[in-house]
Amino acid sequence: MMFLETTHSNEQLTHRESIQPSIAQDCFRNYNPKYDFLGQSYASMYPNLHKYPATMLPQIGLELLKDFGAEKSMLLDPYCGSGSSFMSGIEYGINEFVGFDMNPLAVMIAKAKLTFIDSQIILEEKRNILNQILMQKFKNQGILNHKLDENPLDNITNLDFWIEKDAQTDLRIVYSCIKNLNNRAVQNLFLLAFSETLREASYTRNNEFKLFRMKNHEDYKPNVVDIFSKNLESLVGDYLTFYQPKIQNISFEITNSGFRASNYRFDTVLTSPPYGDSKTTVAYGQFSTFINEWLGYGEARKLDSKLMGGSKANELYNNGLMTDYILEIAKVDKKRALEVSSFYFDLEASIKNMLDSINRKGKVFFIVGNRRVKNILLPTDKFIAEVFCKNGFKHLQTIKRKISNKSMPLQNSPSNRSGAISSTMNDEYIVVCEKF
């Protein structure tokens, strides 16, 4: 969910308008309606194995790879999230992938999408684990061949605030049965169903990225086993129908970290980086908190502050076209300008870090949204093009697309003042560059 900020005076708006025309000449945007994919969602190509915020449509990546004649060699996504870009690559004919993401949940989802598991094995393991869970729950004979894990419940911050007592016990049973699986690939896949169950069985409000407790939570008595069974059936069905037939010859390396240079060299980078810091744009960390805590990630509650732009800079960003925009924000709110500066410092450093890993003639595709801060529209797409062009790349094109699958209103009231209406993010920009 994107959050817009407070509107300010007409005098400030007039000055901002005066700086934008010259910048607009630096990076021409070409609107191409075929990239809108009107009426389509992620599931139009691949049902997602696990919910994840702000996922890129695989259809977009596939069209880009085709339109620009990308090499069918190893593809890099330095901010891979749940792995949408890899699905684009598979459809295009690429079979080697490298990805990085700071969020353990994202890495778990992406790996599950690319890991081949034999149909007979997965169906047998599904039957066994559902039977084992029911036996464990309804027979008063103690533990079946293994001990329940004692730690995961202790990892959840404010456990009783978020999860009902009986649900806590049943979640331990389900998780312990998954942990007892010998096949690690199956275990990782089934953990996705558990993760969805953990969130659904908690007091968290539905359809929220951030953590908000539901009203009348004391009346919520989830049937954890039924929820898990439903999620597992759906997960296995989608995996076997949409993913498994296409990934038998896939190789991948997905790392739970920011991008790290390696011996690999890439002809194609396809990615959708964050649009801003997670605290005020998409709260990836909060969305993933429960499962990351359960699995022992000690800094799950601090993840958003560790992502791009998560810590406030000590100085304003003052390099290139973004300088004037940052200064405009600083006139209104210096603290906010430093927070925004941190995001652009981090994004620039991240891009520069991967430059040497891209081959000559290699193409990069960055799909990004331009957010508003203090009602100032920040041209992140132009910023990305500028960074690449200053570092040995040429800008081929920036394609504008409408976000047709977005479950947000076209307008909102960011200041919560009656009549103060502002537009939410309704467009994305695809920045295409090539290395000299």
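Above this note sits the structure.
Each chain carries its own residue numbering, running from 1 in the written order of its sequence. Note on the predicted model: pLDDT of at least 70 is required for a residue's local features to be given, and 80 or more for side-chain atom pairs to be given and counted; whole-chain, interface and lining totals, by contrast, use all residues. With hydrogens and water excluded, all non-hydrogen atoms of the structure serve as input to the side-chain values.

## A closer look at the pairing of strand β5 (residues 266-271)
Partly exposed describes any residue whose relative accessible area lies between the buried limit of under 20% and the exposed limit of over 50%, with all areas from a 1.4 Å probe on protein chains only and scaled to the type maximum. Runs of H or I in DSSP of at least four residues are treated as helices and runs of E of at least two as strands, each being numbered from the N terminus. Extensive coverage of β5 is indicated by the burial of five of its six residues. Across two bridges, strand β2 (residues 75-77) lies against β5 in parallel orientation. Counted as the bridge partner of L76 is V269 from β5. When β5 meets strand β6 (residues 358-368), the two strands line up parallel, connected through five bridges. The residue of β6 that forms the bridge with L270 is F365. Two strands are said to pair when DSSP picks up at least two bridges between them.

## A look at the state of the cysteines
Every disulfide links exactly two cysteines, by a covalent bond between their sulfur atoms. Here, a disulfide means two cysteine sulfur atoms that sit within 2.5 Å of each other. Going through the model one piece at a time under the given rule, you end up with zero disulfides. With no disulfide of its own, C389 has C433 as its nearest cysteine by sulfur position, at a separation of 5.1 Å. For C389, a relative accessible area of 36% puts it in the partly exposed group.

## Examining the pairing of strand β12 (residues 427-435)
Most of β12 is tucked away: nine of the nine residues are buried. The alternating pattern of β12 places D427, Y429, V431, C433 and K435 and E428, I430, V432 and E434 on opposite faces, both of which are buried. Both strand β9 (residues 393-402) and β12 contribute to a ladder of nine bridges, which runs antiparallel. Each residue of the ladder has a partner; that of K402, found in β12, is D427.

## Considerations on the environment of V186
Along the chain, the position of V186 falls in helix α9 (residues 184-201). Note on V186: relative accessible area 0%, which makes it buried. Considering only alpha carbons, one finds V186 and D118, 68 residues apart in sequence, at a separation of 9.8 Å.

## Topic: unusual backbone geometry
Phi at A54 is positive, roughly 50°, even though this residue is not glycine. Summarising the element assignment, A54 is placed in the loop between β1 (29-31) and α2 (58-67). The partly exposed category is assigned to A54, whose relative accessible area is 41%. Look at N158: it is not a glycine, yet its phi comes out positive at around 55°. Mapped onto the secondary structure, N158 falls in the loop between α6 (152-155) and α7 (159-162).

## Re the nonpolar core
To form a nonpolar core, buried Ala, Val, Leu, Ile, Met, Phe, Trp, Tyr and Cys residues must be joined to one another through side-chain atoms within 4.5 Å. Membership of the largest hydrophobic core comes to 85 residues, with the highest contact counts inside it found for L64, L189, F190 and F194. Non-local contacts of F190, meaning those with residues more than four positions away in its chain, are made with I122, E125, K126, I129, I178, L181, F228, L232, L235 and V236. In this description, contact between two residues means that some pair of their heavy atoms is separated by no more than 4.5 Å.

## With respect to the packing of α9 against helix α10 (residues 224-243)
To get an axis, a line is fitted to the C-alpha atoms, and for a helix only the part in contact is used. The angle between two axes follows their N-to-C directions and goes from 0 to 180 degrees. Closest axis-to-axis distance for the α9/α10 pair is 9 Å, and the angle between their directions is 140°. On the basis of the axis angle, α9 is oblique to α10. Seen from above, α9 lies across α10 with right-handed handedness. Here α9 contributes L189, F190, L192, A193, F194, E196, T197, E200 and A201 to the contact with α10, which in turn contributes V224, I227, F228, K230, N231, L232, L235, V236 and Y239. Across the contact of α9 with α10, the residue classes break down as 13 nonpolar, two polar and three charged. Relative orientations are named as follows: roughly parallel for angles under 35 degrees, roughly antiparallel for angles over 145 degrees, roughly perpendicular for angles from 65 to 115 degrees, and oblique for any other angle. Helix crossings are classified by the rotation of the near helix relative to the far one: an anticlockwise turn of less than a right angle makes the crossing left-handed, while a clockwise turn makes it right-handed. For this scheme, ten residues count as nonpolar: Ala, Val, Leu, Ile, Met, Phe, Trp, Tyr, Cys and Pro. Four count as charged, namely Asp, Glu, Lys and Arg, and the remainder, Gly too, count as polar.

## Some words on the sheet that holds strand β4 (residues 251-255)
The mixed open sheet is built from eight strands, whose spatial order is β1-β9-β12-β6-β5-β2-β3-β4. On the outer flanks of this sheet lie β1 and β4, each paired with one strand and no other. On average, each strand axis in the sheet is inclined to that of its neighbour by 20°, with strand direction left out of account. One ladder, built from three bridges, connects β1 with β9; its direction is parallel. By the bridge assignment for β9, N30 is matched with I399. Relative to the sheet, helix α4 (residues 104-114) contacts β3 (96-100) and β4, its axis offset from that of β4 by approximately 175°.

## Quick look at the side chain of S288
Tracing the backbone shows S288 in the loop between α11 (284-287) and α12 (289-294). Side-chain atoms alone can form a polar contact between residues adjacent in sequence; in general such a contact is a pair of N or O atoms within 3.5 Å, and within protein one must be able to donate a hydrogen while the other accepts it. In terms of polar contacts, S288 uses its side chain to reach the side chain of N103, at 2.8 Å. In this structure, S288 is in contact with Y52, N103 and L105, ignoring residues within four places of it in sequence.

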